[in-house]
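Reading the structure
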Amino acid sequence: MWILPPTFQVIKWIERKIQLEQTGSGIKANGSVPQAKADFIALLVIVWWTCIKQQQGLLQDDTIPPLTKPDKTTAITSEEKAQVLATHFASKMSVPDLDLIPPSVPLYTKATLKTISIKVDEVKKILRHLDTNKAMGGVQISPRLLKGCADQLAEPLCRHFDGHRLLNEKQFGFRAERSASDLLLVQSSSWSQALDDGQDTYVIAPDIAGAYDRVWHRGIISKLMSFGISEELLDLLQNYLHGRSLSLEVNGHSSTECPIRASVPQGSVLGPLLWNVFFNYILQLIPEASAYADDCTMSFMSKRDDHQRTIARINQTLQSLVAWSRRWQVTLAPEKTQAMLISRRRDLAPLPAPNILLDRKRLSLQDSIKTLGVEFDSGLTYTRHVQQVAKTAAWKLGCIRRISHLLDGPGVAALYKSQVRSLMEYSPLVWSACPPSYLLLLDQVQRRAEAIIRYKTREPLDVTLQPMQHRRNVGGLCVMYKINAVQTPHLSSLRLPAPQDSSYDTRGGRERQEQVRVPFVRTENHLRSYLPRYGRLWDHMVRNTSLHHATSLQQFKNRVNTWLLNQ
């Protein structure tokens with residue numbers, strides 16, 4: 001339950017806002033300063049009392065409509081609505097057979113992790129940094145303390161799992177130095193190369209119903225044992241999962257506690273790690289699969305005359321997935337599963353629709369699929385994705401423009417960078433292979449933002465918006481540095497071979513060994529994709545600078561940013 005801060009703290013916060021307004025370094029309002037103060041204070045008082053009344057249950061709840069109870073009657077009051085919702089959510093956190101004995105799992109390692117010691121000094125350090133104004137949970141323990149102690153538990157587990165390479169390399173979610181953008185880049189590069197080589201690619205993105213909410217507790221304990229977790233630590237994790245309950249609050253009224261019989265706690269430190277352990281085997285069972293947490297994607301390359309055998313292989317793989325899901329009480333959702341054929345063939349329409357089955361339900365091929373926030377079309381043109389990004393970014397910038405009278409130049413720039421530019425820079429190395437005319441749509445949004453910032457700036461302002469292509473080039477070279485200089489393992493599939501050995505031991509010969517062999521390109525679309533584009537830029541950088549000898553990624557990023565600006 002959220003506890004509002006004491007009234008005097010709100011008053012102090014209002015005074016600080018007014019001081020910022022008077023000095024001109026914060027929010028500005030139209031009209032005289034006294035009138036601005038009065039309007040500002042009146043608004044905050046309204047919000048303040050609204051929050052208080054809502055927490056006390058004195059406001060009529062209009063945000064949640066009447067709900068139907070299990071007995072078909074109607075829940076009208078806030079307390080009834082809270083109970084209906086809590087019961088519904090708790091019912092989702094279960095599996096069909098709680099007492100089922102888990103399948104036998106072979107040991108992945110002979111190494112064991114039996115206990116974890118939490119030192120007194122570490123707990124004292126956490127306690128010293130606790131925020132006493134934060135609310136406590138039902139057990140009257142600060143969430144900051146619980147989170148800090150969970151960190152102490154999660155770190156040894158991650159070392160154990162990573163040190164013995166127990167987690168599959170194709171799992172990118174919730175792992176150090178890995179991101180969704182890395183996975184998208186690895187996948188899209190392989191699809192683009194296959195397309196340029198004249199091959200087609202079937203992409204299947206199965207959906208797991210519930211995912212985290214339906215993790216079988218006895219099953220995850222069995223898998224932890226196969227990872228070498230035993231004795232006191234295994235008992236601790238078992239206790240962490242079992243006996244949990246949830247309570248839901250609506251407008252100041254709480255439901256009764258409802259027991260949770262499955263799931264890993266979402267929003268927790270250990271939850272994602274436990275999910276990776278539970279899901280790990282499917283990535284070993286299916287070589288064509290890769291995942292970011294529960295978002296799994298399977299890729300099947302096919303020659304033009306080999307589609308029938310490829311479809312047979314896909315169905316066999318999906319049968320293995322269904323068999324795994326039944327053994328571990330995982331529910332698949334064929335109706336939400338996406339399937340697409342990546343191809344440049346124009347004669348696909350007359351061909352019979354492939355009979356791809358998931359749990360005896362046919363999957364229809366789509367024109368595009370969306371995975372991890374990026375829309376891939378069947379020709380890998382990314383035009384629809386970039387159009388949608390530009391449309392959303394323009395809408396967000398319009399919202400900033402409408403409140404710009406309350407902000408100064410730096411305020412507008414900060415909002416643009418955090419809310420708009422960040423949207424236009426999500427995984428750009430994947431979709432920047434689109435036609436240049438579509439990238440101009442994003443540049444137009446940035447030019448409009450620059451116009452607003454200039455209009456709001458009454459004095460010389462040190463706010464520069466770097467060109468978006470420049471920022472993409474910096475990011476692309478940073479990934480090349482991670483691939484070639486750092487040799488990051490999960491990006492190894494993107495590593496291009498070195499050029500042929502030089503017969504001369506000269507400076508030019510040594511530089512050549514640090515270059516890469518840019519792949520042969522047949523189509524302009526593939527020419528704009530990541531490896532051909534940034535392979536050439538990397539070689540140009542190696543021939544003309546020594547930036548690739550930087551001792552850290554941050555140092556390389558700073559230097560390459562300056563070098564590109566001076567080109």
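Here's a quick rundown of the structure. (Residues numbered from 1 in each chain as written. Predicted model: local features only at pLDDT ≥ 70, side-chain atom pairs only at ≥ 80, totals over all residues. Heavy atoms only, no water.)

Quick look at the overall build of the protein
- The secondary structure content of the protein amounts to 19 helices and 14 strands.
- Within the span of the protein, comprising 567 residues, buried residues form 44% of the whole.
- Counting contacts in the protein only where the partners sit at least 6 residues apart, residues at least 24 apart contribute 72% of the total.
- Accessible area of the protein: about 30,900 Å², with a carbon and sulfur share of 53%. (Helix = DSSP H or I, 4+ residues; strand = E, 2+ residues; numbered from the N terminus. Buried < 20%, exposed > 50% of the residue type's maximum accessible area, 1.4 Å probe, protein only. Contact = heavy atoms within 4.5 Å. Areas by Shrake-Rupley, 256 points an atom, 1.4 Å probe, with all protein chains shown as cover.)

Considerations on the side chain of glutamine 171
- Considering the arrangement of structural elements, one finds glutamine 171 in the loop between helix H5 (143–163) and helix H6 (180–196).
- Of the residues examined, glutamine 171 reaches a relative accessible area of 1% and is grouped as buried.
- Engagement of the side chain of glutamine 171 in a polar contact is seen with the backbone nitrogen of alanine 293, the distance being 2.8 Å.
- Beyond its immediate sequence surroundings of up to four residues, glutamine 171 is in contact with Arg178, Asn276, Phe279, Leu283, Ala291, Tyr292 and Ala293. (Polar contact = N/O pair within 3.5 Å; in protein donor to acceptor, adjacent residues only side chain to side chain.)

So, the pattern of salt bridges
- One pass over the full model with this rule turns up 13 salt bridges.
- Here arginine 304 makes a salt bridge to aspartate 200, at a shortest N to O gap of 3.3 Å. Of the two residues, arginine 304 sits in the loop between strand S9 (295–302) and helix H10 (307–327) while aspartate 200 sits in strand S3 (residues 200–205), which places them 104 residues apart along the sequence.
- Arginine 304 sits in the partly exposed class, given a relative accessible area of 39%. (Salt bridge = Lys/Arg side-chain N within 4 Å of Asp/Glu carboxyl O.)

So, the packing of aromatic side chains
- Following the criterion strictly, the structure yields 15 aromatic pairs and no others.
- Each residue in the set Tyr212, Trp216, Trp275, Phe278, Phe279, Trp324 and Trp328 is aromatic and connected to the rest through ring pairs, giving one cluster.
- The ring of phenylalanine 278 has lysine 223 sitting right over it, with the charged end atom 5.6 Å from the ring centre. (Phe/Tyr/Trp six-rings, centres within 6.5 Å; stacked < 30°, edge-to-face > 60°. Lys NZ or Arg CZ within 6 Å of the ring centre and 35° of its normal.)

Some details on helix H8 (residues 231–241)
- Taken together, the buried positions of H8 are Leu233, Leu234, Leu237 and Leu241. Buried residues of H8, viewed axially, fall in a sector of 100 degrees; they line one side.
- Looking one or two residues beyond H8, the residue adopting positive phi is glycine 243, at roughly 75 degrees. (Arc of directions from axis to C-beta.)

Description of the side chain of aspartate 539
- Mapped onto the fold, aspartate 539 is located in helix H18 (residues 530–544).
- An unpaired buried charge is present at aspartate 539: no salt bridge exists, and arginine 543, the closest side chain of opposite charge, is 4.8 Å distant.
- Within the structure, aspartate 539 has its side chain in polar contact with the backbone nitrogen of valine 516 (distance 2.9 Å).
- Every residue in contact with aspartate 539, bar those within four places of it in the chain, is listed here: Gln515, Val516 and Val518. (Lys, Arg positive; Asp, Glu negative; His and termini not counted.)

A short note on the pairing of S3
- By the criterion of burial, S3 is predominantly enclosed, with 6 of the 6 residues buried.
- Neither face of S3 is exposed, since Asp200, Tyr202 and Ile204 on one face and Thr201, Val203 and Ala205 on the opposite face are all buried.
- With 5 bridges joining them, S3 and S9 adopt antiparallel strand pairing. The residue bridging valine 203 from the neighbouring strand is serine 299, located in S9. (Pairing = 2+ DSSP bridges.)

Quick word on unusual backbone geometry
- Here arginine 165, not a glycine, exhibits a phi torsion of approximately 50 degrees, which is positive.
- Note that arginine 165 resides in the loop between H5 and H6.
- Despite not being glycine, serine 427 has its phi angle at roughly 50 degrees, a positive value.
- Inspection of the secondary structure puts serine 427 in the loop between helix H12 (409–424) and helix H13 (428–431).

Some remarks on the sheet that holds S3
- If you walk across this open sheet you meet the 4 strands as S8-S9-S3-S10, and the pairing is antiparallel. Only two strands of the sheet have a single neighbouring strand rather than two, namely strand S8 (289–292) and strand S10 (338–342). Sheet twist, expressed as the mean angle between neighbouring strand axes with direction ignored, is 20 degrees.
- Inspection of the sheet shows S3 paired to S10 by 5 bridges, in the antiparallel sense. (Axes fitted to C-alpha atoms, helices over the stretch in contact; angles between N-to-C directions.)

Quick look at the packing of helix H9 (residues 270–285) against H10
- For the pair H9 and H10, interaxial distance at closest approach is 11 Å and the crossing angle is 160 degrees. Taken together, the axes of H9 and H10 lie roughly antiparallel to each other. Seen along the crossing, H9 lies across H10 with a hand that is right-handed. Where H9 abuts H10, its residues Phe278, Phe279, Tyr281, Ile282 and Leu285 lie against Ser320, Leu321, Trp324 and Arg327.
- Here the contact of H9 with H10 is composed, by residue class, of 7 nonpolar, 1 polar and 1 charged. (Parallel < 35°, antiparallel > 145°, perpendicular 65-115°, else oblique. Left-handed = near helix turned anticlockwise from the far one by under 90°. Nonpolar A, V, L, I, M, F, W, Y, C, P; charged D, E, K, R; others polar.)

Things to note about the environment of glycine 198
- The topology assignment puts glycine 198 in the loop between H6 and S3.
- Note on glycine 198: relative accessible area 27%, which makes it partly exposed.
- Along the chain, glycine 198 and serine 343 lie 145 residues apart, while their C-alpha atoms are 8.3 Å from each other.

Function cannot be read off these values alone, since they describe shape.
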